[in-house]
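# Coordinates in review
Spelled out, the chains give:
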Amino acid sequence: MKTLALIIDDEPDIRELLEITLERMDIECRSADCVKTALALLKKETFQLCLTDMHLPDGSGLEIVQTIQKLYPQTPVAVITAYGSMEMAVTSLKAGAFDFVSKPVELSRLRDLIRNAVKLAQPAPVKAEEDSRLLGQSTAMMELKETIRKLARSQAPVYISGESGTGKEVVARLIHDFGARAEKPFIPVNCGAIPSELMESEFFGHKKGSFTGATEDKQGLFQAAHEGTLFLDEVADLPLTMQVKLLRAIQEKTIRPIGHAKEIPVNVRLLSATHKDLAAEVDNGRFRQDLFYRINVIQARIPPLRDRGDDIIYLANNFLTKLSADWGISQPKLSLLSQTALKRYSFPGNVRELQNILERALTLCEGQEILPEHLQLPTTSSPTQVSSANLPSFNATSSTDSLEEYLVNIEKNLIVKALDDTRWNRTAAAKKLGMSFRSLRYRLKKLGLDDDSSDDETES
């Protein structure tokens, strides 16, 4: 069946330009010069695409967007705005528009928009990967999954908010994978992990010889994500100088690599996320308000694990199934007391922390039932008493990564000391540490202390 598009504009020249462009792409057209005629055509035929001007003689293109969103949600609608009317474009995106294009219409930009819209003309089947990557049956998670499906049908910038460990990158990948750009690159970048002096080169690329150390041409992240999705994780960590350059790239849809004389057009969908309160960062002068409004067209909020009810046990059982299969062991069950303990725990590290807790519990559990002591939640006291004099120093103001490294060092020091005391007899060291031989073997491997020469030891 041939693709059918509806063009709504009161300027004959614009309608003719759009009709010629669409017909050359083998798309049949119907045209209307006002809201009334357009609504009548929508009732008569099924359209796979709609292009509408925002200013019409008897109303607004926003009315068209809202009607299509309500009555014909499978039809992507894009709006044509006057040059510089970004506020109107953002309003239309929030109302449900697929995308927008500014006058004077750039044909290359228009063709990209049309190609992406046509891909969404037919509802794509829900992919099986959704359930394996975004687990949960709570009301909050079902609402999030529905939001993801809606956002996937748009090209609007999305701001994903949520605490650390909730799965912001997972949500970003799902929005990409269920959308029109699924076959194009998904480029994630942690903004907090790039040194400030390298940011411009990383984002926009550079030309060979443009500065000391530029020994070859480098493609930036925007070019790598061309026609796909660029995911800016921890966007709040961008320095203000870089925020200005990022804003311009988003507004103009062009970049200039370091050392290049000309700007290069880029076509990316922008998704961003941070665990910080971005509005508070704006109030405190650490994040530009104009950039905030540009990336925060639509917001997707991921609920913390503590607000997801029985999802905690559902997730725990799924993690245990996967870990047990990976380790080649029989899957133990969570005792009722363990389930109660997990439900009562606040999970400041969210899903990531739950997975780590279960990984630890699986190494400590010797039978077929995981007990509360195997979980070792923060409220559970450790059986091993350690003198603070023997611990490495730690500054309480350090970052979470430093805290994790500190705890790993404690664990490594205790295990090495036990092995030294037993002349590296792993069976004896395990007993000294109060853990099973299997648990010690797993920890040695995880900490990089595994000694192949002692593989002939067996658990007594």
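Above this note sits the structure.
The notes below deal with the structure included here. (Residues numbered from 1 in each chain as written. Predicted model: local features only at pLDDT ≥ 70, side-chain atom pairs only at ≥ 80, totals over all residues. Heavy atoms only, no water.)

On to the environment of A341. For A341, the location among the structural elements is in helix α15 (residues 336-344). Relative accessible area serves as the criterion here: at 22%, A341 is assigned to the partly exposed category. Along the sequence, A341 and P372 sit 31 residues apart, while their C-alpha atoms lie 6.9 Å from each other. If we ignore the near neighbours within four places in the chain, the residues touching A341 are L375 and L377. (Helix = DSSP H or I, 4+ residues; strand = E, 2+ residues; numbered from the N terminus. Buried < 20%, exposed > 50% of the residue type's maximum accessible area, 1.4 Å probe, protein only. Contact = heavy atoms within 4.5 Å.)

This next bit is on the packing of aromatic side chains. In this structure the tally under the stated criterion is six aromatic pairs. Geometrically, the ring pair formed by F203 and F204 is tilted, given 6.3 Å between the ring centres and 50° between the ring planes. As far as burial versus exposure is concerned, F203 and F204 are alike and both buried. Ring centres of F203 and F222 lie 6.4 Å apart, and the angle between their planes is 50°; on these two criteria the pair is classed as tilted. (Phe/Tyr/Trp six-rings, centres within 6.5 Å; stacked < 30°, edge-to-face > 60°.)

A few words on the nonpolar core. Grouped burial of nonpolar side chains is what soluble globular proteins tend to show. With 45 residues, the main nonpolar core has I8, I148, I160, V171 and I175 as its most contacted residues. Looking at this core, the element that brings in the most residues is helix α7 (residues 139-152), giving five residues. For I160, the contacting residues outside a window of four places in its chain are K168, V171, A172, I175, F231, S272, A273, T274, A300 and I302. Counting residues in hydrophobic clusters, the runner-up holds 31 residues, among them Y159, F222, A236 and V266. (Core = buried A, V, L, I, M, F, W, Y, C linked by side-chain atoms within 4.5 Å.)

What the rule picks out here adds up to 23 salt bridges. In this structure, K184 engages E227 in a salt bridge whose closest nitrogen and oxygen atoms are separated by 3.3 Å. One end of the pair, K184, is in the loop between α8 (168-177) and β9 (186-190); the other, E227, is in the loop between α10 (221-224) and β10 (229-233), with 43 residues separating them in the sequence. Under the relative-accessibility criterion, K184 is labelled partly exposed at 34%. (Salt bridge = Lys/Arg side-chain N within 4 Å of Asp/Glu carboxyl O.)

Quick look at helix α14 (residues 311-327) now. A rise of 1.5 Å per residue sets the reference length of α14, with its 17 residues, at 24 Å; its end C-alpha atoms lie 24 Å apart and thus fit the reference within 8%. Packed against the buried residues of α14 are α7, β15 (333-334), α15, α16 (350-364) and β16 (369-370). The first or second residue beyond α14 is G328, which carries a positive phi of 70°. (Expected span 1.5 Å × (residues − 1).)

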